[in-house]
Amino acid sequence: MSRLQPTIAPADPFLDWPVVTDPAGWQADIAVLGIQHSEPYAHDSFPNDQSRAPDAIREASKVFCYNPAHWDFDTGAATNEALPARRMDIGNVGWSGKGDYGAYSAAITERVRHFWRQGAQLIVLGGDHGVTIPVLDALDAVGEPVHILHVDAHLDWREEVGGIRRGYSNPLQWASKIAAVSGMTQIGMRGIGSARRQEVEAARAYGSKLFTAEQIHRDGMDPVLATIPEGRAVYVTIDADGLDPTEMPAVMAPTPGGIYYRQLAPLLRSVAKRNRVVGIDLVEVAPSFDFKNGLTSVTAGRLILNAIGGTRD
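Because the structure is a prediction, the values reported are computed rather than measured.

Caption draft 1: The environment of glutamine 173, seen in detail. Turning to its location among the elements, glutamine 173 is positioned in helix 6 (residues 171-175). A relative accessible area of 8% means that glutamine 173 is categorised as buried. The spatial distance from the C-alpha of glutamine 173 to the C-alpha of asparagine 48 is 22 Å, given a sequence separation of 125 residues. Apart from residues lying up to four places away in sequence, glutamine 173 is in contact with Asp156, Trp157, Arg158 and Glu159.

Caption draft 2: Structural detail: the packing of helix 10 (residues 261-274) against helix 11 (residues 295-309). Interaxial distance between helix 10 and helix 11 falls to 7 Å at its minimum, and their mutual angle equals 25°. Comparing their axes, helix 11 and helix 10 come out roughly parallel. On the side of helix 10, the interface is formed by Tyr261, Leu264, Ala265, Leu268, Arg269 and Ala272, while helix 11 contributes Thr299, Arg302, Leu303, Asn306 and Ala307. Grouping the constituent residues of the contact of helix 10 with helix 11 by class yields seven nonpolar, two polar and two charged.

Caption draft 3: Quick look at the pattern of salt bridges. If you walk through the whole model with that rule in mind, you get 17 salt bridges. Here arginine 166 makes a salt bridge to glutamate 39, at a shortest N to O gap of 3.3 Å. Of this pair, arginine 166 sits in the loop between strand 6 (146-151) and helix 6 while glutamate 39 is found in the loop between strand 1 (30-35) and helix 1 (53-59), placing the two residues 127 residues apart along the sequence. The residue arginine 58 makes a salt bridge to aspartate 55 at a minimum N-O spacing of 3.1 Å. Linking arginine 58 with aspartate 55, this pair stays in helix 1, spanning three residues, or about one helical turn. Taking relative accessible area as the criterion, arginine 58 reaches 1% and is therefore assigned buried. Among the charged side chains, a network of salt bridges with common partners joins Asp55, Arg58 and Asp89.

Caption draft 4: Summary view of the sheet that holds strand 10 (residues 276-283). Spatially, 4-1-5-10-9-6-7-8 is the arrangement adopted by the eight strands of the open sheet, whose pairing is parallel. A single partner strand is all that each edge strand has here, and the edge strands are strand 4 (87-93) and strand 8 (209-212). Between one strand axis and the next, the sheet turns through 15° on average, direction left out of account. With seven bridges connecting them, strand 9 (residues 233-239) and strand 10 associate as parallel partners. Across the sheet, aspartate 239 pairs through a bridge with valine 283, a residue of strand 10.

Caption draft 5: Summary view of the pairing of strand 10. Along strand 10, seven of the eight residues are buried, which leaves the element largely enclosed by surrounding structure. Of the strand pairs in this sheet, strand 5 (residues 121-126) and strand 10 are connected by four bridges, and their pairing is parallel. Opposite valine 124, over in strand 10, you have aspartate 281 as the bridge partner. Of the crossover connections in this fold, the one passing from strand 9 over helix 10 to the parallel strand 10 is right-handed.

Caption draft 6: Structural detail: the environment of glutamate 284. Note on placement: glutamate 284 falls in the loop between strand 10 and helix 11. Judged by its relative accessible area of 9%, glutamate 284 is buried. Considered as a pair, glutamate 284 and glycine 294 are 10 residues apart in the sequence and their alpha carbons are 14 Å apart. When near neighbours in sequence (up to four residues on either side) are disregarded, glutamate 284 contacts Gln50, Gly127, Asp128, His129, Tyr168, Asp239, Ala240, Ala250 and Val251. At 3.2 Å, the side chain of glutamate 284 forms a polar contact with the side chain of glutamine 50.

Caption draft 7: Structural detail: the packing of aromatic side chains. If you walk through the whole model with that rule in mind, you get 10 aromatic pairs. Each ring, one from phenylalanine 14 and one from phenylalanine 64, has its centre 5.9 Å from the other, and the planes form 40°; the classification is tilted. Placement of phenylalanine 14 in the segment before strand 1 and of phenylalanine 64 in helix 2 (residues 61-64) is noted, with a sequence separation of 50 residues between them. Here phenylalanine 14 matches phenylalanine 64 in class, with each residue buried. When the ring of tryptophan 157 is compared with that of tyrosine 206, the centres are 5.8 Å apart and the planes differ by 55°; the resulting orientation is tilted. Taken together, the positions of tryptophan 157 in the loop between strand 6 and helix 6 and tyrosine 206 in helix 7 (residues 197-206) put the pair 49 residues apart, joining distant regions of the chain. Overall, tryptophan 157 belongs to the buried group, its relative accessible area being 5%. Across the ring face of tyrosine 260, the terminal group of arginine 262 is positioned such that the distance to the ring centre comes to 4.4 Å.

Caption draft 8: Structural detail: the pairing of strand 1. The buried fraction of strand 1 is high, at six of six residues. Taking every second residue as pointing to the same face, both faces of strand 1 are buried, with Ile30, Val32 and Gly34 on one and Ala31, Leu33 and Ile35 on the other. Note that strand 1 and strand 4 share five bridges and pair parallel. Bridge assignment links valine 32 to a residue of strand 4, and that residue is aspartate 89. Where strand 1 and strand 5 come together, six bridges link them in parallel fashion. By the bridge assignment, alanine 31 is partnered in strand 5 with leucine 122.

The rules behind these values
Residues numbered from 1 in each chain as written. Predicted model: local features only at pLDDT ≥ 70, side-chain atom pairs only at ≥ 80, totals over all residues. Heavy atoms only, no water. Helix = DSSP H or I, 4+ residues; strand = E, 2+ residues; numbered from the N terminus. Buried < 20%, exposed > 50% of the residue type's maximum accessible area, 1.4 Å probe, protein only. Contact = heavy atoms within 4.5 Å. Axes fitted to C-alpha atoms, helices over the stretch in contact; angles between N-to-C directions. Parallel < 35°, antiparallel > 145°, perpendicular 65-115°, else oblique. Nonpolar A, V, L, I, M, F, W, Y, C, P; charged D, E, K, R; others polar. Salt bridge = Lys/Arg side-chain N within 4 Å of Asp/Glu carboxyl O. Pairing = 2+ DSSP bridges. Right-handed = clockwise from strand over helix to strand, strands pointing away. Polar contact = N/O pair within 3.5 Å; in protein donor to acceptor, adjacent residues only side chain to side chain. Phe/Tyr/Trp six-rings, centres within 6.5 Å; stacked < 30°, edge-to-face > 60°. Lys NZ or Arg CZ within 6 Å of the ring centre and 35° of its normal.

Structure (structure tokens):
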């Protein structure tokens, strides 16, 4: 096993949780990790704007959780009551863009495995959607089959783009090759992204359950919930552009017609009650495009709290 590598301290901690960047202190029941970069595509700038999102979401903590000891009307409990006592922010993983991306990715995977071997719940703040890939590579450490719930305007099923296989268009195709992944539910798709007919057909052939945003507006979330086996471990990956841009405007590819917080938050709470959510990532927030009040980062934080604090009746 590779020696665990320390991380970089964030400007502000998530919800004022203790910041622990030294692996010697990584013993927790729930932990936050910021992953700033994925494997970059040649046609995109490096670093991209999403690399600033982990700290932007942390900075919004005082807005999306005014006081962890106060009542949260979404989850039906005070945040401090709903979460285990051993919680920490383990900082960010940066990358210069130079050197071996594979080594960088593998070092992230080992950090994630460390926590999943403890049975901890992991919160990942991206970064673009490619940051999900080294996290998925650690799913074997969960010790049981894991169902993936994916929220996104896009399918993200490209095997490669310009020879790159671990970028933001690749994570769900990558997941389909991971033995620990037992199935997928993908919701919120709309508009036009990187997927072609062959990717849509490949996702369906794999058995992924696809729900467009329009289907959800018409039929609600009950059909979505029915595709997630009750009692199964679940990993949730949320691309900010999966939600309507009126609620999460700070994205690189805003697409009208998205799903709404009032639809997604109850789904996340239901999944948290019926299943063991081993991890959640929130990716693709581009802080430079946000409203002055940081609405996108605030909504990101609220979604995370619903997914991790929604286990109370």
